[in-house]
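So the chains spell out like this:
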Amino acid sequence: MANVNKVILIGNLTRDPELRVTPKGTPLCNFGLAVNRTFKDDAGQSRDETTFVDIEAWGKQGEVIAKYCIKGRPLYVEGRLKFDQWEDKTSGQKRSKLKVVLEQFQFLGAPDSARGPRPEGGPGGGPPDEGGDPSGGGHVPPPRAGAAPRPAAPAAPADEDVPF
């Protein structure tokens with residue numbers, strides 16, 4: 001029998017992403033996503049329901065999210081469900097959590113909502129010379145993670161080569 005484990009979400013970050021590095025040197029970014037749903041109840045009233053989802057992004061994708069995303073930023077996420085179980089150190093009780101492991105993502109929203117890389121002092125931020133404007137204006141985020149690079153545009157012909 002075939003199995004499918006695929007999650008597709010569009011929502012807003014509930015907090016600034018937290019970037020950590022494993023002992024082997026692999027980047028790991030954790031963040032929360034709020035996904036809203038509007039529906040009508042039995043009385044015909046419009047109701048809102050929000051679901052909060054924990055997401056982990058590994059490797060380069062995690063680094064990019066930590067650099068360019070902040071709380072409130074809209075994000076498209078594709079991933080898979082992962083069930084974690086552990087024993088609470090203080091109480092000794094068994095605990096569990098269902099989360100999404102990111103496989104692909106795409107930035108959403110207008111370029112001004114990107115706000116560029118985070119300021120140098122914030123988590124995941126970097127120095128301004130890494131291609132970002134720390135003031136948050138005018139920076140365009142990188143293309144969707146996993147997308148093939150676009151070929152360079154052909155050079156424009158010199159004025160003397162123009163046929164008119």
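Right, let's walk through the structure included here.

Parameters at a glance
- Residues numbered from 1 in each chain as written.
- Predicted model: local features only at pLDDT ≥ 70, side-chain atom pairs only at ≥ 80, totals over all residues.
- Heavy atoms only, no water.
- Helix = DSSP H or I, 4+ residues; strand = E, 2+ residues; numbered from the N terminus.
- Buried < 20%, exposed > 50% of the residue type's maximum accessible area, 1.4 Å probe, protein only.
- Pairing = 2+ DSSP bridges.
- Disulfide = S-S within 2.5 Å.
- Core = buried A, V, L, I, M, F, W, Y, C linked by side-chain atoms within 4.5 Å.
- Contact = heavy atoms within 4.5 Å.
- Phe/Tyr/Trp six-rings, centres within 6.5 Å; stacked < 30°, edge-to-face > 60°.
- Salt bridge = Lys/Arg side-chain N within 4 Å of Asp/Glu carboxyl O.
- Polar contact = N/O pair within 3.5 Å; in protein donor to acceptor, adjacent residues only side chain to side chain.

1. Regarding the overall build of the protein
Counting its regular elements, the protein contains 2 helices and 6 strands. Across the protein, helices and strands are ordered from the amino to the carboxyl terminus as β-β-β-β-α-β-β-α. For the protein, buried positions account for 30% of its 164 residues.

2. Some thoughts on the pairing of strand 5 (residues 74-87)
Both strand 1 (residues 7-13) and strand 5 contribute to a ladder of 6 bridges, which runs antiparallel. Bridging across to strand 5, Gly11 finds its partner in Leu75. Sheet topology note: the strand 5/strand 6 (residues 94-107) ladder contains 13 bridges and is antiparallel. Counted as the bridge partner of Arg80 is Val101 from strand 6.

3. With respect to the state of the cysteines
Going through the model one piece at a time under the given rule, you end up with 0 disulfides. Unpaired in this structure, Cys29 has its nearest cysteine sulfur neighbour in Cys69, at a distance of 7.9 Å. Assessed through its relative accessible area of 0%, Cys29 is described here as buried.

4. Notes on the nonpolar core
One finds Leu9, Phe31, Leu33, Ile55, Ile65, Leu75 and Leu102 to be the most contacted residues of the largest nonpolar core, which totals 21 residues. Residue assignment for this core shows that the elements contributing at least two residues are strand 1, strand 3 (27-40), strand 4 (46-58), helix 1 (59-68), strand 5 and strand 6. Not counting the four nearest positions on each side in its chain, Phe31 is found in contact with Leu13, Arg15, Pro17, Val53, Asp54, Ile55, Ala57, Ile65, Leu75 and Leu102.

5. Concerning the packing of aromatic side chains
Aromatic ring pairs are described here by two measures, namely the spacing of the ring centres and the angle between the planes. This model, assessed by the stated rule, comprises 2 aromatic pairs. Their ring planes at 70° and their centres at 6.2 Å tell us that Tyr68 and Phe107 sit as a pair that is edge-to-face. Taken as a pair, Tyr68 in helix 1 and Phe107 in strand 6 lie far apart in primary sequence, 39 residues in all. An angle of 80° between the planes, with centres 5.4 Å apart, marks the rings of Phe105 and Phe107 as edge-to-face. For the pair formed by Phe105 and Phe107, the shared burial category is buried.

6. What about the pattern of salt bridges?
The full count for this structure, using the stated rule, is 11 salt bridges. When the shortest N-O distance is used, the salt bridge between Lys6 and Glu78 registers 3.0 Å. Taken as a pair, Lys6 in the segment before strand 1 and Glu78 in strand 5 lie far apart in primary sequence, 72 residues in all. As a salt-bridge pair, Glu49 and Arg37 come within 3.3 Å of each other at their nearest N and O atoms. Taken together, the residues Glu49 in strand 4 and Arg37 in strand 3 connect sequence positions 12 residues apart.

7. A look at the pairing of strand 1
The sheet contact formed by strand 1 and strand 3 spans 2 bridges and is antiparallel. What sits directly across from Asn12, in strand 3, is Ala34.

8. Some remarks on the environment of Ser91
Its location among the elements puts Ser91 in the loop between strand 5 and strand 6. Note on Ser91: relative accessible area 44%, which makes it partly exposed. There is a polar contact of 3.2 Å between the side chain of Ser91 and the side chain of Asp88.

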